[in-house]
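Each chain is listed here by its residues.
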Amino acid sequence: MDSENLINQELCPRSQCTNWLNFGPRRNSGAHKIGLALNGQMLLEAPYLLNYQNPSPQVLAQALKEAYGEWGVGELSRLVFHPQAPVLFQAPEFMAEFFAHPEKAQETLEKLSRLPLSFQNWCDEKKCSIQDLAILRSLDSVSLLTTLSEKIASSRLSKSQGVQVLEWSIELILLSHDAGSLLLDADEDTWLEELRKKRYPQTVATDEKSRAEIERLPWPKKTEVKWQRRGDRAQLELKLQTGSPEELEKQIEALQKAVIQWRLQGDSWT
Amino acid sequence: MDVAPELLSQIERIFIHEESVESELASRVRNVFPIDKIEMVTEKPFSNLKGELTAMQFERSKRMLYIAPFKGHFFKRCPGATQKKVLNCCNYYVLNLGLQCNMNCSYCYLQSYINTPVMTLYSNLDQALTELREMAELHRDHPFRVGTGEVIDSLSMDDLTHFSRHLIEFFRDYPKWTLEFKTKSDKVDQFLDLSHAGNVVVSWSINPAFIINSEEHGTARFEQRIAAAKKCRDRGFKVAFHIDPLIYHPDWQKNYGELVDTITANFKPQDLHIISLGALRFQSEQRHMMRERFGLRSLVTSAEMHMSDGGKMRYDWKLRNEMFQFVIQRFKAHNSAWNTFLCMETPESWISSYDSAPMKVDGLKEMFRPLPKIKSDLTTTNA
């Protein structure tokens, strides 16, 4: 039986539902409840009804998708790990209808279901993928993340910034940093930068030292220099303005002096 | 030679595919493992699992052994060959005789590369040799290098498989071809009695004892690897060391310095076929699996890694080059005849370390010279 047949049958009146799984609030619509009846029927939000006694996990998942539209990871975590949810929801075959890597997804959703509703909603608003939240699997218990995740949810961090804050913070917790020390009362950019300094102390220190040394070099006039990190390389970005061949010649001479001094400073990373 | 007790106790369950029942490998397995650990199967175990393995499933895969025939091409180009835009390639071919490793290094790239719920050993070595013979007959005079340690350690289970014996005998007929075993074990006794054509390289991935103890779990210890290498050298086998991955840690200069000193004290430059260097690197997605399996107490997971041009996470470019330079200079300080080369590194790193591209470095020119494409180039692996 396909999901379309299942969900259009009038099997169970709403009044016979003995239990309601509330997984709301929802991102896309107000429909946020599933009713379960003792006779093994499931009332999806009107007008859908589903007999879930014997459907395959795949059919059940398809029916849920049709009845409720697109699922956010937060919504799904609340449904799948609802204390009264049918065990069928945690079957790998059910998960496989939503995720390419169902076993990993299930572990991630379980952790997410234990985090505050505000963070789950943030994940759904930002359309976080299950992969964005893979870092959650690194912790045995996510209880230390309650305040942090609430702070992410109430911040103005973009999705990628929020995911980065989460990853760096969890790594720092695993490196024995106190979770409380990672919550800065500062703007979002400062928060990110402070976490980066803690997670990449040597890189940040080396880059800062190089930046200071570069800025002290005798650059010619009308030159802008920046020490920039891009991935595994930190390098000099140099912008030069010139108005005539004579001026350029003088600038090149001055640049050569800067190069000589730069060489003298050495080039050790450690 | 007996199978190591560690391997016998590590393997909790063995599945033998019905098509492999009559194979030499299955016969050896039945002889050494208790019968209650062995199960005959008609399909791959855990085949209901979909998607990538979880950390727990990956752990379990190292305790489950599956004996089955391989159904594809055995012979493939090294993954480095598929990234020629960003890496220098040394014409290496791989012959995969199994999948998954029984050892447990924190940085192992198999954590992002394979997705098998069981450790697999292929029972149809005869077919692999037939395939290899077809290639070898066509290109008998070209110096192809063939390694067996890409997705499984070449020797860590060789006391069980004895694949090495068949391969060494096969390569006797093709003296211009080179066979390379790559291992972190010390299991060499099972083939030392064989005569060979001088074209077999036994190579060790090696690191200082400090790194082996903290990151290379279940492998032979530093002294054991050196001792095994000496045994091979003494039996006329070529020996190679891959100092890879170089792992940064506070005492890295002291520890890598001592590693170089130990190699140079125990071997002469002419004893060693190759010394290659590589720095820690991994696919970005691999960080999740490593973190889940080893936490952040590992020098690998806690390292300051950055996205590089080729899409892999690497140390800062200057740090990498500083480490390469240190090791190269340490070798040269002992004797200028020591030659090293960089594995899976960018042209920029080559030039920074050697002032030259590999094609122009004496002793390496031959290795990096492009060879004719062979039929199985179409089936490159996709690391």
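This text goes with the structure placed above it.
Remember, it's a predicted structure, so these values are computed and weren't measured experimentally. (Residues numbered from 1 in each chain as written. Chains lettered and ligands numbered in written order. Predicted model: local features only at pLDDT ≥ 70, side-chain atom pairs only at ≥ 80, totals over all residues. Heavy atoms only, no water.)

Looking at the overall build of chain B
Here is step 1 of the chain: When helices and strands are counted, chain B shows 14 helices and 18 strands.
Here is step 2 of the chain: Taking as baseline every contact in chain B between residues at least 6 positions apart, the subset at least 24 positions apart corresponds to 77%.
Here is step 3 of the chain: When the accessible surface of chain B is totalled, it reaches about 15,100 Å², and 51% of it is carbon and sulfur. (Helix = DSSP H or I, 4+ residues; strand = E, 2+ residues; numbered from the N terminus. Contact = heavy atoms within 4.5 Å. Areas by Shrake-Rupley, 256 points an atom, 1.4 Å probe, with all protein chains shown as cover.)

Side note on the overall build of chain A
Here is step 1 of the chain: In terms of helices and strands, chain A carries eleven helices and six strands.
Here is step 2 of the chain: Carbon and sulfur atoms make up 48% of the accessible area of chain A, which amounts to about 13,600 Å² in all.

Digging into the sheet that holds strand S16 (residues 306-307) of chain B
Residues and elements named next belong to chain B.
Here is step 1 of the chain: Read across the sheet, three strands follow the order S15-S17-S16 without closing on themselves; strand pairing throughout is antiparallel. Edge strands, defined here as strands with exactly one partner in the open sheet, are strand S15 (281-283) and S16.
Here is step 2 of the chain: In terms of strand pairing, S16 meets strand S17 (residues 312-314) through two bridges, oriented antiparallel. Across the sheet, His-306 pairs through a bridge with Arg-314, a residue of S17. (Pairing = 2+ DSSP bridges.)

Here we look at the interface of chain A and chain B
Here is step 1 of the chain: Listed as interface residues are 32 residues of chain A and, on the opposing side, 34 residues of chain B.
Here is step 2 of the chain: Linking chain A to chain B there are seven salt bridges.
Here is step 3 of the chain: Residue Arg291(B) pairs with Glu167(A) through a salt bridge whose shortest N-O separation is 2.9 Å.
Here is step 4 of the chain: Run the count over chain A and chain B and you get 21 residue pairs in polar contact (both at pLDDT 80 or more).
Here is step 5 of the chain: Contributing elements (two or more residues each) for the side of chain A that touches chain B: helix H5 (102-113), helix H8 (159-174), helix H10 (201-216), strand S5 (223-230) and strand S6 (233-240) of chain A.
Here is step 6 of the chain: Broken down by element, the residue count for the side of chain A that touches chain B peaks at four residues, all from H5(A).
Here is step 7 of the chain: Residue composition of the side of chain A that touches chain B, grouped by class: twelve nonpolar, nine polar and eleven charged. (Salt bridge = Lys/Arg side-chain N within 4 Å of Asp/Glu carboxyl O. Polar contact = N/O pair within 3.5 Å; in protein donor to acceptor, adjacent residues only side chain to side chain. Nonpolar A, V, L, I, M, F, W, Y, C, P; charged D, E, K, R; others polar.)

Some words on helix H2 (residues 57-68) of chain A
Here is step 1 of the chain: For H2(A), spanning twelve residues, the distance from its first C-alpha to its last is 16 Å, which sits close to the expected 16 Å at 1.5 Å a residue.
Here is step 2 of the chain: Along H2(A), the residues that are buried comprise Pro57(A), Val59(A), Leu60(A), Ala61(A), Ala63(A), Leu64(A), Ala67(A) and Tyr68(A). (Expected span 1.5 Å × (residues − 1). Buried < 20%, exposed > 50% of the residue type's maximum accessible area, 1.4 Å probe, protein only.)

Overview of the pattern of salt bridges
Here is step 1 of the chain: Scanning all chains against the criterion turns up 34 salt bridges over all chains.
Here is step 2 of the chain: With its nearest N and O atoms 2.4 Å apart, the salt bridge here joins Glu110(A) to Arg114(A).
Here is step 3 of the chain: According to the relative accessible area criterion, Glu110(A) is partly exposed, its value standing at 21%.
Here is step 4 of the chain: With a relative accessible area of 59%, Arg114(A) lands in the exposed category.
Here is step 5 of the chain: Taken together, the shared-partner salt bridges in this structure form one network comprising Glu167(A), Glu171(A), Arg199(A), Arg287(B) and Arg291(B).

Section: the environment of Phe15(B)
All names here are of chain B.
Here is step 1 of the chain: With respect to the secondary-structure elements, Phe-15 resides in strand S1 (residues 13-17).
Here is step 2 of the chain: For Phe-15, a relative accessible area of 6% corresponds to the buried category.
Here is step 3 of the chain: Considered as a pair, Phe-15 and Ala-26 are eleven residues apart in the sequence and their alpha carbons are 9.7 Å apart.
Here is step 4 of the chain: Excluding its chain neighbours within four sequence positions, the residues that come into contact with Phe-15 are Glu-39, Val-41, Pro-45, Phe-46, Met-64, Leu-65, Tyr-66, Ile-67 and Val-118.

A word on empty space enclosed by the protein
Residues and elements named next belong to chain B.
Here is step 1 of the chain: A complete count under the given rule lists one cavity of 30 Å³ or more for this structure.
Here is step 2 of the chain: In this structure, the largest cavity encloses a volume near 110 Å³.
Here is step 3 of the chain: Looking at the largest cavity, it is lined by 15 residues, and the ones nearest its centre are Leu-97, Asp-153, Ser-154, Thr-161 and Phe-163.
Here is step 4 of the chain: Contributions of two or more residues to the lining of the largest cavity are made by helix H6 (158-161) and helix H7 (163-171).
Here is step 5 of the chain: When residues of the lining of the largest cavity are assigned to their parent elements, the largest contribution, three residues, is made by H7.
Here is step 6 of the chain: Within the lining of the largest cavity, the residues separate by chemical class into seven nonpolar, six polar and two charged. (1 Å grid on protein atoms, 1.4 Å probe; cavity = no way out; pocket = protein on both sides within 12 Å on 5 of 7 lines; lining within 4 Å. Points joined across faces, edges and corners; volume = space filled by probe spheres on them.)

A word on unusual backbone geometry
Residue and element names in this part refer to chain B.
Here is step 1 of the chain: Going from Asp-244 to Pro-245, the amide bond is cis rather than trans, its omega being 0°.
Here is step 2 of the chain: Within the element layout of this structure, Pro-245 appears in strand S13 (residues 238-246).
Here is step 3 of the chain: Positive phi outside glycine occurs at Gln-100, with the angle close to 95°.
Here is step 4 of the chain: Relative to the helices and strands, Gln-100 is located in the loop between strand S6 (98-99) and strand S7 (104-105).

Structural notes on the nonpolar core
Within soluble globular proteins, side chains that are nonpolar generally end up buried alongside one another.
Here is step 1 of the chain: Trp177(B), Phe191(B), Phe241(B), Ile243(B), Tyr256(B), Ile263(B) and Tyr315(B) are the most contacted members of the largest nonpolar core, which totals 104 residues.
Here is step 2 of the chain: Counting residues per element, this core draws most heavily on helix H12 (residues 317-334) of chain B, which supplies seven residues.
Here is step 3 of the chain: Aside from chain neighbours lying at most four places away, what touches Ile263(B) is Ile226(B), Phe241(B), Ile243(B), Leu272(B), Phe331(B) and Trp338(B).
Here is step 4 of the chain: Grouped together as the second largest cluster of nonpolar side chains are 54 residues, Phe98(A), Cys123(A), Ile135(A) and Leu195(A) included. (Core = buried A, V, L, I, M, F, W, Y, C linked by side-chain atoms within 4.5 Å.)

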